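# Commentary on secondary and tertiary structure
The residues making up each chain are set out below.
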Amino acid sequence: QLKYCIFPCIWPNSQSLRGGKVLYTDLLIKQKRNLSVVLVLDLSKAEELWYTMQTLLDAVKKQIDHALELSKDPEARNKLYEVARSRIPNGHEDSSAIEPFPVPLLIIGSKYDLFQGEDFQKRKLMCKSLRYIAHTYAASLMFTSSKSETLITKVRVSISAMVFGTSCSKTTISDHNKPLYICAGADSFESIGSFTTLNVENKTLPKSLEAVKNIFSSHFLQVESRNIVPEDPANDPHFKEPDIDNMRAQKKKGIGRI
C-alpha cells in the first residue's frame, strides 16, 4: 500500500526555517493513516539542531491535530494514536515513557562526513541526545552523508520501507564512533545511558525531553534568530533565481508606472 511521505525541507544554505506550513490539511484529512514524515537535521550545525527539530515537529504535529479536528470520524484521533503505539514492541521496558509521534517518523542526521571529525565528547552528546529524541517519539534514527554511497543507499532503503512497505535492515548501530542506525523501538533509555561521562551538572539519566534539551542547549546555545522567516521571502538572498528575479523586477517596475 502506497504511503505519503512528507519531507519538511531544511535548506542547507538558508538562514530561514520554513516549517510553519509543511503539511497540507486536506491531504492529512484523507491520508493521515498513510502518512510518514522524514526529518533531516544538519549534524554540522549543533547550534541550530534542537531548535530546528522542535520547530518542525511542532509544526507537523499542529497540522495533524488540526486535520483530526476537521475529520468527520469522531474516533480518528484514537485510531491514529493506537496505530502509533503499535510501533512500540510488545513488552518494551520503556513502553510507559515513550510518547510516539502521531505518524511514523524517520530522523536523518545529514553531513556525517563533517560530523565524524568533531571532538568525541561533542559527538557523544549529540548522539545520545538524538537517540533520546528518536526513542521518545518511537522514531527511527540514522546518519548519512552525500560522500558515502553506502549510507545514501541505506537512506533510500529506509524511505522505500516507509513508502512501499519493503523490507530494510533491522541491525542496530548505536556505537557513537559510527553512523547511527536504529529502527523505531529498537533502542532503550538504559542503553542510551546517563550523561555521566560528559561535563554536565546532572549525572543521572534524564527523565524527559526537556531535561535533555537543557543539557544539549547548555553545550550548544541554540541560534533562533537565523530561523526567522523574513517579511518578504522573495527577497531572501539565499534563494536567488536570476530569471525569476528579473521577471519580478520588470513586473514590479511596470506596476510602478501605472
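Not measured: the values here are computed from a predicted model.

The rules behind the values
- All residue numbers refer to position in the chain's written sequence, counted from 1.
- Per-residue local features of the predicted model are confined to residues with pLDDT of at least 70, and side-chain atom pairs are confined, for both listing and counting, to 80 or more; whole-chain, interface and lining totals are unaffected and use all residues.
- With hydrogens and water stripped out, all remaining heavy atoms of the structure feed into the side-chain values.
- The way it works is that DSSP assigns letters per residue, a run of H or I at least four long becomes a helix, a run of E at least two long becomes a strand, and they are numbered from the N terminus.
- The buried label goes to any residue with under 20% of its type's maximum accessible area, the exposed label to any with over 50%, and the partly exposed label to all in between, with areas taken from a 1.4 Å probe on protein chains only.
- Every residue pair with non-hydrogen atoms within 4.5 Å of one another is taken to be in contact.
- Only the protein chains shown count as cover for residues, with accessible areas throughout obtained via the Shrake-Rupley method and a probe of 1.4 Å.
- What makes a salt bridge here is a side-chain nitrogen of Lys or Arg within 4 Å of a carboxyl oxygen of Asp or Glu, nothing more.
- To form a nonpolar core, buried Ala, Val, Leu, Ile, Met, Phe, Trp, Tyr and Cys residues must be joined to one another through side-chain atoms within 4.5 Å.
- A fitted line through C-alpha atoms represents every axis, and for helices the fit uses only the stretch in contact; the resulting angles, taken between N-to-C directions, go from 0 to 180 degrees.
- In what follows, roughly perpendicular refers to angles from 65 to 115 degrees, roughly parallel to angles under 35, roughly antiparallel to angles over 145, and oblique to any angle outside these ranges.
- The sense of a crossing depends on the near helix, which, turned anticlockwise from the far helix by less than a right angle, makes the crossing left-handed and, turned clockwise, makes it right-handed.
- Here the nonpolar group is Ala, Val, Leu, Ile, Met, Phe, Trp, Tyr, Cys and Pro; Asp, Glu, Lys and Arg are the charged ones; every other residue, Gly included, is treated as polar.
- We call Phe, Tyr and Trp rings a pair once their centres come within 6.5 Å, taking the six-membered ring for Trp, and we label the pair stacked below 30 degrees between planes, edge-to-face above 60, and tilted otherwise.
- Each residue carries a pLDDT score, the predictor's confidence in it, ranging from 0 to 100.
- Here, any two strands with at least 2 DSSP bridges between them count as paired.
- By definition, the arc is the one covered by directions from the helix axis to the C-beta atoms.

## A short note on the overall build of the chain
Within the chain one finds nine helices and five strands. Scanning the chain from its N terminus toward the C terminus, one meets helices and strands in the order β-α-β-α-α-β-α-α-β-α-β-α-α-α. Within the chain, the fraction of its 258 residues that count as buried is 42%. Intrachain contacts of the chain at a sequence separation of at least 6 include 73% that bridge at least 24 residues. Of the roughly 14600 Å² that the chain leaves accessible, carbon and sulfur atoms contribute 53%.

## Things to note about the pattern of salt bridges
Going through the model one piece at a time under the given rule, you end up with eight salt bridges. Among the ionic pairs, K147 bridges to D113, the shortest N-O distance being 3.7 Å. In this pair, K147 is assigned in the loop between strand 4 (140-143) and helix 6 (149-164) and D113 in helix 4 (residues 112-115), connecting sequence segments 34 residues apart. On the accessibility criterion, K147 (66% relative accessible area) is exposed. The structure contains a network of salt bridges with shared partners spanning K61, D65 and R77.

## Re the nonpolar core
Side chains of nonpolar character tend, in soluble globular proteins, to be buried together. Ranked by size, the top nonpolar core spans 42 residues in total, and within it L105 and F143 carry the most contacts. Per-element accounting of this core gives the leading share, nine residues, to helix 2 (residues 46-70). Core analysis: the next-biggest nonpolar cluster, separate from the first, contains 10 residues, I108, I159, V163 and Y181 among them.

## Let's talk about the packing of helix 5 (residues 120-136) against helix 8 (residues 209-219)
Where helix 5 meets helix 8, the axes come as close as 10 Å, and the angle between the chain directions of the two elements is 155°. Our classification of the angle between helix 5 and helix 8 gives roughly antiparallel. Like other packed secondary-structure pairs, helix 5 and helix 8 cross with a definite hand, here left-handed. Contact residues: helix 5 offers L125, M126, S129, Y132, I133 and T136, while helix 8 offers L209, V212, I215, F216 and H219. Each residue belonging to the contact of helix 5 with helix 8 can be placed in one class, and the counts come to eight nonpolar, three polar and no charged.

## Focus: the packing of aromatic side chains
In the structure shown here, the tally under the stated rule is seven aromatic pairs. Ring geometry for Y112 and F115: centres 6.1 Å apart, planes at 50°, overall tilted. A residue pair is termed a helical-turn pair when its members lie 3 or 4 positions apart in one helix, as Y112 and F115 do in helix 4 at three residues. A relative accessible area of 6% means that Y112 is categorised as buried. Since its relative accessible area comes to 1%, F115 is described here as buried. Pairing Y112 with F143 gives two aromatic rings, centres 6.1 Å apart and planes at 35°, and the pair type is tilted. On the criterion of sequence distance, the pair formed by Y112 in helix 4 and F143 in strand 4 is long-range, its members being 31 residues apart. Both residues of the pair, Y112 and F143, belong to the buried class. Three or more aromatic residues joined by ring pairs form one cluster here, namely W50, F216 and F220.

## Side note on the confidence of the model for the chain
Caution is warranted with low-pLDDT regions, since their predicted coordinates should not be read in detail. Of all residues in the chain, 74% attain a pLDDT of 70 or more, and the chain-wide mean is 81. Overall, residues 1-25 carries pLDDT values under 50, and its contacts beyond four positions in sequence, including any with other chains, amount to 80 contacts.

## Some thoughts on the pairing of strand 4
Where burial is concerned, the two faces of strand 4 agree: the one with S140 and M142 and the one with L141 and F143 are both buried. Bridge analysis of strand 3 (residues 105-110) against strand 4 gives four bridges, and the strand direction is parallel. Each residue of the ladder has a partner; that of G109, found in strand 4, is F143. Taken together, the two bridges between strand 4 and strand 5 (residues 181-182) define a ladder with antiparallel strand orientation.

## Some points on helix 8
Buried residues of helix 8: V212, I215 and F216, and no others. Here the buried residues of helix 8 occupy an arc of 95° about the axis, which is enough to place them on one side. Buried positions along helix 8 lie against helix 2 and helix 5.

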